[in-house]
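Understanding the architecture of this molecule
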Amino acid sequence: MFYYLLKYVLLGPLLRLVFRPRIEGLKHVPSSGAAIVAGNHLSFSDHFLMPAVLKRRITFLAKAEYFTGPGLKGRLTAFFFHSAGQIPVDRSGKEAGQAAIREGLGVLSKGELLGIYPEGTRSHDGRLYKGKVGVAVMALKAGVPVVPCAMIGTFEAQPPGRKIPRIHPVVIRFGEPLDFSRYQGMENEKAVLRAVTDEIMYAILSLSEQEYVDEYAADVKAAEEKRKAEERRRAPRMPLR
């Protein structure tokens, strides 16, 4: 119930007022039945903009840190994300990917929409990164279509580190559903999972027209942070007076 209160009364109208999103291809999202909506991830605002424009309820897999913050602020944040249809997923440890897949399949088994960011994390520089194969596993195991989605302009509106979004035009573009029924029963084949994931990422790329990087975003981000830390370590220190 609170999901629809957020969508239609509290948050949805505010998001439309601030971002004034232009919606393209909404007809490609199935009006009923299970499906995956797979999109690029440029901004914290993506979590709320896409649900605000869809006619159906959509559930996203979100990092568990959003639900475990300390104090009153942490509890309010957790309540907000739960109310917005987010499911916490622990992304640490060897079982993290399997946990996300189990949660996602649970949503799809109920005939609902599941939202996924195949890159696994927000883009730190606005480029589109290599997708993780979890989206392919869920699509093949559940036997559902995948609707590619491109968020355009949200990086400029709220880049990483910016708490309050700036007013900037946003486009949310949905592509034609991708059917992977030809791979039924092959969800354990690594080559098939990679091919399906790459096809999904190419569809997102065609919609978003981003620059593509054939590496995982988390790896590139970690390498850049390591490089910056090394530069700071090597930088000459000012003498104390």
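Here the structure is shown first, and the text comes after it.
Residues numbered from 1 in each chain as written. Predicted model: local features only at pLDDT ≥ 70, side-chain atom pairs only at ≥ 80, totals over all residues. Heavy atoms only, no water.

1. Structural notes on the nonpolar core
Nonpolar side chains in soluble globular proteins tend to be buried together. Formed by 32 residues in total, the largest nonpolar core has its most connected members in I36, L114, M138, F180 and I200. Listed by contribution, the elements that provide at least two residues to this core are β2 (35-39), β4 (86-89), α5 (96-109), β5 (113-116), α6 (134-142) and α8 (190-208). Broken down by element, this core gets its largest block of residues, eight residues, from α8. If sequence neighbours within four positions are ignored, F180 has contacts with L140, V146, V196, E199 and I200. A52, L54, I58 and C149 belong to the second-largest nonpolar core, a separate cluster that totals 26 residues. (Core = buried A, V, L, I, M, F, W, Y, C linked by side-chain atoms within 4.5 Å. Buried < 20%, exposed > 50% of the residue type's maximum accessible area, 1.4 Å probe, protein only. Helix = DSSP H or I, 4+ residues; strand = E, 2+ residues; numbered from the N terminus. Contact = heavy atoms within 4.5 Å.)

2. Structural notes on α6
Along α6, the positions that sit buried rather than exposed are V135, A136, V137, M138, A139 and L140. Looking at the residues trailing α6, positive phi occurs at G143, about 65 degrees.

3. Here we look at the sheet that holds β4
Taken in spatial order, the seven strands line up as β1-β8-β7-β2-β5-β3-β4 in an open sheet, and their pairing is mixed. Strand pairing shows two members of the sheet lacking a second neighbour, β1 (22-24) and β4, which therefore form its edges. Looking at each pair of strands side by side, their axes are set apart by 25 degrees on average, direction ignored. Relative to strand β8 (residues 171-174), β1 runs parallel, the two sharing three bridges. Its bridge partner lying in β8, R22 is registered against V171. Each of β2, β3 (58-63), β5 and β7 (146-152) touches α6; the most contacted strand, β2, lies at about 165 degrees to it. (Pairing = 2+ DSSP bridges. Axes fitted to C-alpha atoms, helices over the stretch in contact; angles between N-to-C directions.)

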